[in-house]
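# Architecture and fold: a report
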Amino acid sequence: MSKAEKRLREIESQLDEAMYNLPIYKINRDKALQLVASLYESLEMALQLQVVRSQDHPEALSEAEKKSESLKGALATAIQHINNICPETEGENGVGQPAIDQCIELLGTSSLYQYVEVNYKGIRPGILSPSIEEDSPDQITIAFRPVDDKVQRYEIMNEILIEENSRLYQDRMSAIKQALHKKYPKLTNWRLKDAYYSAIADSQTDLLFHLPDEMDLAGYKVKDIKHVWSKLLYKAYMASHAARKDCLPILDKIGVLPEHMLPNLLYFIDVDEFDGVDRHVVESILDDLTFGTMKGKQKYGSLMTEPLIQLTDGARFVSPTFISHNLAGRNINATLNRIYAGTVDKDTVSKEAYFVHELESILKLFPALKGGGPTQLPGDLPDVDYAIYDPISKTMVALEMKWITEPVTAQEIVSRDEDLYKGLHVQIPNYKAGITANLESFMKKTFEEIDPVDHIDYFVLTKISIGSGKINDDSNRIINIRMLKKALFDHGGNLYEATQALRTGAYLPQENVHYKIVENRYPFAGVNFITCGKEVLEPFSLQTPDDLKFFPGKIE
């Protein structure tokens, strides 16, 4: 270990000590878990009041949304440390304003510590290179910068693509809620509330899960996971509605909630309320989504992906706001992948069929385009997953389709590189060799007739992310399905023009157009940090005219 590495470890220990020595850790664990989650709910309510007041002030609205996102990460970090440090059976009772102040201090400290953790974790996979720029008794400054410009560029592009996909979900959810507000303009009795929140929970769940209902996922049917999640959302929404009715007027008037109202902000789970699925299946799914213990092959966990919190007596609760923001389809898939490694992606036939179905639903918007696959190539070469042909521009595109478990954050991109590397550097060259060896045979097998082909191109197609800068070769051959759809819309279904635009990177976030790279500086525990980030310039969007016509659930 070099002298610099040793000093970095020493500073990391100093930072951990600042996080681990807070007074809240003397409080009984169960009390601390409930108190910090309740305070998070009250702070989110206050932020939502701020959002309502800022509708005509975009900058204030954006600031409130950033605070909400940071607060969500702070809660996840705080719960993790309470779970690891607070005494389970002893400890202080944690009542009164001192305990509340300690929880607020924990959330504030956690909001900074989460960024410290991200930077230190970025060293191991070779994404970030740290350097100690000042080291004296009076001043310590550490800079965490990407190992090279390409790695930084791809990390930011992936982050923006993940955000863009999340925004599509938010826009669709907003459209659904508007439709439901028209259907249920006033929630004057419990039947209307029940119908309204049940429809929201069902619709939200349908939007979040992009897998067929009958597919097997780690021993569960996807439809059972969806049913349990939808019921959990519905119960949380109902609990939140009841709490807000009493709490919002007080928050609006004095800005804080009295201590006796805080416990009412959480939803405690009753397994008996989860009808429609076998009880043992419900309990198993809830166990897998409970944070705090390592299960199966799991090596790490996060409240972000396991949002249920368990107390010493086995009782479980959720923060309604936290789970309503949860991108459950992706997060649950990631969690099950950690617990049941090797089984989550076992049913690749169903995943591939669903991905192909999604692709074919796009092609139907352009009647001239033909699609087909999988197509067997000669000898030991792999099957071509899917191919598209445009008779007008005489263009054929072969697609290697990657239905990977999508990363939750941009920092996790590198963990998906192996599969995408194979697609880009092994499968595509094999596709090219097999197709060009006998193009007529390939066209006949795939499209049932031999059409003229003037242009051929090859892409790796994903759901969202496009791999890190460590494996990308800047050929722009890894694209996501929304990039392909947007290119086809913009070029009227002309496959040649669409693929040319994709190859130039026209449907990727552009530096100095959509973002610029900036250095962020912040202090934590006596250390000044310099990190690289992005400043959004123009909004990046892959939206197409039909994006908001998607209305799942039972909305008429």
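Shown above is the structure to which this text applies.
Everything in this summary refers to the structure shown in the same document. Fair warning: this is a prediction, and the values are worked out from it, not measured in the lab.

## Description of the overall build of the protein
Counting secondary structure elements, the protein contains 15 helices and 15 strands. Based on the C-alpha atoms only, the size of the protein along its principal axes is roughly 80 × 65 × 50 Å. Across the 556 residues that make up the protein, the buried fraction comes to 51%. For the protein, the share of sequence-separated contacts (at least 6 apart) that also reach a separation of at least 24 residues comes to 71%. Total accessible area computed for the protein in this model is approximately 25,900 Å², and 50% of it derives from carbon and sulfur atoms. Charge separation in the protein, taken as the distance between the mean sites of 62 positive and 82 negative side-chain charges, equals 2 Å.

## Observations regarding unusual backbone geometry
Put simply, G373 and P374 share a cis peptide bond, and its omega is 0°. Non-glycine residue E448 carries a positive phi angle of around 70°. Phi at D474 takes a positive value of approximately 65°, unusual for a residue other than glycine. For D474, a relative accessible area of 36% puts it in the partly exposed group.

## Some remarks on the sheet that holds strand β12 (residues 455-462)
Strand-to-strand pairing in sheets goes through backbone hydrogen bonds, with the strands running parallel or antiparallel. Spatially, five strands are ordered β9-β10-β11-β12-β13 in an open sheet, and the strand pairing comes out mixed. Of all the strands in the sheet, just β9 (370-372) and β13 (478-480) have a single pairing partner and so form its edges. Strand-to-strand, the axes of this sheet are offset by a mean angle of 30°, without reference to chain direction. Each of β10 (386-390), β12 and β13 touches helix α14 (residues 481-490); the most contacted strand, β13, lies at about 80° to it.

## Digging into the side chain of T531
Along the chain, T531 turns up in strand β15 (residues 527-536). By relative accessible area, T531 is classed as buried at 7%. The residues touching T531, leaving out its near neighbours within four places in the chain, are N119, F144, V518, E519, N520 and Y522.

## Focus: the pattern of salt bridges
Across all of its chains, the model carries 33 salt bridges by this definition. Taking the shortest distance from any N to any O, the salt bridge between K370 and D451 comes out at 3.0 Å. Of the two residues, K370 sits in strand β9 while D451 sits in the loop between α13 (439-447) and β12, which places them 81 residues apart along the sequence. Where D457 meets R477, a salt bridge forms, and the shortest distance between an N and an O atom there is 2.6 Å. Placement of D457 in strand β12 and of R477 in the loop between β12 and β13 is noted, with a sequence separation of 20 residues between them. For the pair D457 and R477, a shared accessibility class is recorded, and that class is buried. Connected via shared salt-bridge partners are E164, R482, K485, D546 and D547.

## Points about the pairing of strand β11 (residues 395-401)
In terms of burial, β11 is largely enclosed, as seven of its seven residues are buried. Both β10 and β11 contribute to a ladder of five bridges, which runs antiparallel. Counterpart to I388 in the pairing with β11 is V397. The turn linking β10 back onto β11 is made up of four residues, and K394 within it adopts a positive phi angle of 55°. Here β11 pairs with β12 via seven bridges, running parallel. Along β12, the bridge assignment pairs V397 with D457.

## Describing the packing of aromatic side chains
Counted by the stated rule, this structure contains twelve aromatic pairs. Ring centres of Y184 and Y196 lie 6.3 Å apart, and the angle between their planes is 80°; on these two criteria the pair is classed as edge-to-face. With a gap of twelve residues between them, Y184 in the loop between α5 (149-183) and α6 (190-208) and Y196 in helix α6 connect regions that are remote in the sequence. Pair check on accessibility: Y184 and Y196 agree, each one buried. Feature note: the residues Y115, Y120, F144, Y522 and F529 constitute an aromatic cluster, connected by ring pairs.

How each quantity is defined
Residues numbered from 1 in each chain as written. Predicted model: local features only at pLDDT ≥ 70, side-chain atom pairs only at ≥ 80, totals over all residues. Heavy atoms only, no water. Helix = DSSP H or I, 4+ residues; strand = E, 2+ residues; numbered from the N terminus. Buried < 20%, exposed > 50% of the residue type's maximum accessible area, 1.4 Å probe, protein only. Contact = heavy atoms within 4.5 Å. Areas by Shrake-Rupley, 256 points an atom, 1.4 Å probe, with all protein chains shown as cover. Lys, Arg positive; Asp, Glu negative; His and termini not counted. Charge placed at Lys NZ, Arg CZ, Asp CG, Glu CD. Pairing = 2+ DSSP bridges. Axes fitted to C-alpha atoms, helices over the stretch in contact; angles between N-to-C directions. Salt bridge = Lys/Arg side-chain N within 4 Å of Asp/Glu carboxyl O. Phe/Tyr/Trp six-rings, centres within 6.5 Å; stacked < 30°, edge-to-face > 60°.

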